[in-house]
Amino acid sequence: MWDDAFPSFLIGLREGLEAGLIVSVLVATLVRSGERARLPHVWTGVAAAIGLSMSFGAILTFTAANLSGTGQEAFGGTLSLIAVVFVTAMVFWMRRSARSFAGEIKEKVTAALGMGAGVLIVTSFLAVGREGLETALFLWTTAQAAGSSSGPLTGAAAGLLIAAALCWGLYRRALHINLTRFFTMTGAVLIVIAAGVLGYGMRDLQEGGVLPGGTAYAFDLSAHLDPGSWYVTVVQGTLNLTPQMTWLQIAAYGAYLAVVMTLFVRGVRGTASPQPQPQPQPQPQPTTQPAPTKSAPANPAPRIPRWTLPAALVCLPALVAGIAVAVSDGKPASGTPVVEVSAADCGKGFTAPKPGRQTFQVRNSGSRTSEIYLIDPVSSAVYGEVEGIAPGTTRALIATVGTGSYAWRCVPSGGKAVTSAAVTVSGGGSTKAVLPVSEKDLAAPLAAYRKYVDQGLADLLARTRTLQRDIDAKKLDKARSDWLPAHEQYASLGAAYGTFGDWDAKINGRTAGLAGGVDDPAFTGFHRIEYGLWHGESAADLAQYAKRLTSDVAALREDFPKEDFDPGDLPLRTHEILENTLHRELSGSADYGSGTELATTEANLDGTRELLSLLRPLIDKRDAEVTSDVDTWMRRTERLVLAQHGKDGNWTPLGKLSTVDRQRLDGTLGQLLEELAPIPDLLEIRKAA
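Residues numbered from 1 in each chain as written. Predicted model: local features only at pLDDT ≥ 70, side-chain atom pairs only at ≥ 80, totals over all residues. Heavy atoms only, no water.

## Concerning the overall build of the protein
Heads up, the rule is: By definition, any uninterrupted DSSP run of H or I lasting at least four residues is a helix, any uninterrupted run of E lasting at least two residues is a strand, and each is numbered from the N terminus. The classification of residues rests on relative accessible area computed with a 1.4 Å probe and restricted to protein chains. Under 20% of the type maximum is buried, over 50% is exposed, and intermediate values are partly exposed. Any two residues having at least one pair of non-hydrogen atoms within 4.5 Å are treated as being in contact. Every accessible area reported is derived by Shrake-Rupley at a probe size of 1.4 Å, with residue values counting cover from the shown protein chains alone.
Within the protein, the regular secondary structure consists of 21 helices and ten strands. Within the span of the protein, comprising 689 residues, buried residues form 44% of the whole. A separation threshold of at least 6 residues defines the contact pool for the protein, and within that pool the share at least 24 residues apart is 76%. A total of about 33,900 Å² of accessible surface is found on the protein, and carbon and sulfur atoms cover 58% of it.

## Some remarks on the packing of aromatic side chains
One pair of aromatic rings is described through two measures. These are the centre distance and the angle between the planes. Stated formally: In this analysis, rings of Phe, Tyr and Trp, with Trp reduced to its six-membered ring, are considered paired at centre separations within 6.5 Å, and the interplanar angle assigns stacked below 30 degrees, edge-to-face beyond 60, and tilted for intermediate values.
Throughout the structure, instances matching the rule amount to twelve aromatic pairs. A ring pair is formed by Tyr449 and Phe565, whose centres lie 6.2 Å apart and whose planes are at 90°; its orientation type is edge-to-face. Here Tyr449 is found in helix 11 (residues 439-472), whereas its partner Phe565 is found in the loop between helix 16 (539-559) and helix 17 (569-583), with 116 residues between them in sequence. Arranged with centres 6.0 Å apart and planes meeting at 40°, the rings of Tyr490 and Phe500 form a pair that is tilted. Of this pair, Tyr490 sits in helix 12 (residues 476-491) while Phe500 is found in helix 13 (residues 497-500), placing the two residues ten residues apart along the sequence.

## Concerning the sheet that holds strand 3 (residues 338-341)
Basically, it comes down to this: Two strands make a pair as long as DSSP finds a minimum of two bridges between them. Angles here are taken between N-to-C directions and fall from 0 to 180 degrees, while the axes themselves are lines fitted to C-alpha atoms, restricted in helices to the stretch in contact.
Taking strand neighbours across the sheet as the criterion, the three strands line up as 3-4-7 in an open arrangement whose pairing is mixed. Lying at the two open borders of the sheet, with one neighbouring strand each, are strand 3 and strand 7 (394-401). In this sheet, neighbouring strand axes are inclined to one another by 35° on average, regardless of whether the strands run parallel or antiparallel. In this sheet, strand 7 lies alongside strand 4 (residues 356-364) in antiparallel orientation, the contact comprising eight bridges. From the neighbouring strand, Phe360 faces strand 7, where its bridge partner is Leu397.

## Some words on the pattern of salt bridges
Close approach of charged atoms allows side chains of opposite charge to pair. Our working rule: Salt bridges are defined by distance alone: a side-chain nitrogen of Lys or Arg within 4 Å of a carboxyl oxygen of Asp or Glu.
One pass over the full model with this rule turns up 14 salt bridges. A salt bridge links Arg616 to Asp631; its shortest N-O distance comes to 3.1 Å. One end of the pair, Arg616, is in helix 18 (residues 597-622); the other, Asp631, is in helix 19 (residues 624-642), and 15 residues separate them in sequence. Of the residues examined, Arg616 reaches a relative accessible area of 28% and is grouped as partly exposed. Under the relative-accessibility criterion, Asp631 is labelled partly exposed at 24%. Residues joined in a network through salt bridges with shared partners are Glu385, Glu684 and Arg686.

## Quick look at the pairing of strand 4
Relative to strand 4, strand 3 is paired through four bridges, and the arrangement is parallel. Within strand 4, the position partnered with Val338 by the bridge is Gln361.

## Comments concerning the side chain of Glu602
Quick note on the threshold: This count recognises Lys and Arg as positive and Asp and Glu as negative, with His and chain-terminal groups excluded.
Within the secondary structure, Glu602 sits in helix 18. No salt bridge is formed by the buried Glu602. Its closest oppositely charged neighbour is Arg609, at 5.1 Å. Not counting chain neighbours up to four residues away, the residues in contact with Glu602 comprise Glu638, Val641, Leu642 and Trp651.

## Remarks on the nonpolar core
Heads up, the condition is: The criterion is simple. A nonpolar core is a set of buried Ala, Val, Leu, Ile, Met, Phe, Trp, Tyr and Cys residues joined through side-chain atoms within 4.5 Å.
Ranked by internal contacts, the top residues of the largest apolar core, which has 59 residues, are Phe500 and Ile529. Ranked by the residues each element gives to this core, the list is headed by helix 11, at nine residues. With residues up to four places along the chain from it excluded, the contact list for Phe500 reads Val453, Leu457, Tyr490, Leu493, Leu556 and Phe560. By size, the runner-up hydrophobic cluster in this structure holds 19 residues, among which are Val339, Cys346, Tyr383 and Leu397.

Next up, the structure:
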């Protein structure tokens, strides 16, 4: 979590120190002027600024929660750009003003002392409120980027606490900090972080449909980098650099960093040797004035209590946020009717919609997170769904309405499904709905596949024992020929890899994420033996890895019958097996010397075909055209792969394919993946069944 917390820690420390210095100077000036009685006015302004900042953050969160998916992306991207503008302006302003910071605040306080309590409250409110609003906006955007609020909030809290302690120490003169140097160093780091926020914002705007180029990737390292590794997590959490970025993201990141950092560095150099400033003309100081005379209280008493203004400033921001929430009540600004969904009122407010593409605003008025479906009440076919809608939140459900009957089905977490009254729509065309799939529907295919995997593991164990005997007998040529059948056997079991747990990394792991690369002790299994067989390692060196591979396969075979196999994984694997093939085998990242990527690709095609044969009845019942198109492109892909399998039994290494053959294979497999993509949605387990 600390990688997500660092940017917010830095902004909290910097903004907190800036606001804290303002408060410290305000308090010190009042104390030295003998005006301690006016300190509550300062704290009132500070409290009002904090209230405004928290309300601003609440409004941002509430607004985003009531937008559609693309609307949330566009909203978040826009606010990311605004946050970058604010942070950039703050960095340059503080770099320029650090030297004269205290003097400027003292002048404002001196002026406010002669103008009454209200002006002093407003002075402290405005001085601290600006930093509070910037902090709230930056925290919201970093939480969006991190996908969680815990890290950013923790980092900001730590930064603010440290800033408060530093300001207290400075006020008591126990600490001495070179503010110019501090704000210069943190400013440079914040510019780099802001560049990442800008790139993230651009991606949000692309996903929200505001900017083009959402699929024009400058690079995609997701197949070569482990997204769970510590270094990827750190870079992504602190700098918002991801393994996959578009050209627009890279252009925005690079341009911002080049321009803003250049201007910042030039400004630092320009202020390194400040020119002598002219001496200001002496100004009368409040401290030199005589003590207030008895005529001071002669001012007329205020007509309203003195506490009214401070109370109003503190409560007004929260009141405005509360009114916004109460007035909206989860309804979109467009006035689209809201359909209430809960165990008690499923479909409340739902009337017969007009034919065509409709957007329903669905509000969970219950007390449990729920799955919501728009269904045909006769067949239970699903027209649209919203998963995991939390209590009190509103989400958009988009569906195409045609002639037929419609009802809402609400499935609260841990509760029974409730179906609303049905409405009938006429005058529209035919609309395709998806028959829901239950775990019971997938029970038979799952049992058959478990049997297939169990037999496959038995064959795998026999092949790995043969490979081990070859290496123990120092017959490395035979080991090279026996390595491939064993590895192909494992690859053909691809749909079960999620059930294999840690065994998959031990048996078929790669070097991605391992600090030691091929020499890392954690690099074992098929690819470690492959590396040794095709890089001249001796049989004595490879014996330990062959023995361990056989042992791991034997342990997996014994463990597999006891492992839970999520039936929902079967439809997902129809697409994921070949998607991984495209990213690994056909990128060359899974080759450690044998040049047999295409042989593994053929094994993955076999594994996908086996899985499809078990799921075909369920798929055809929902959309028979899907399997027809899949079969066509499966044959085309396999034909291209087998064309690289020579009569001598050897496979053409990926690197020796002609450019035309490589492009044709990538394009054909890409189209096959497009045809496979609907299957996980068609066979997704839905509680509407």
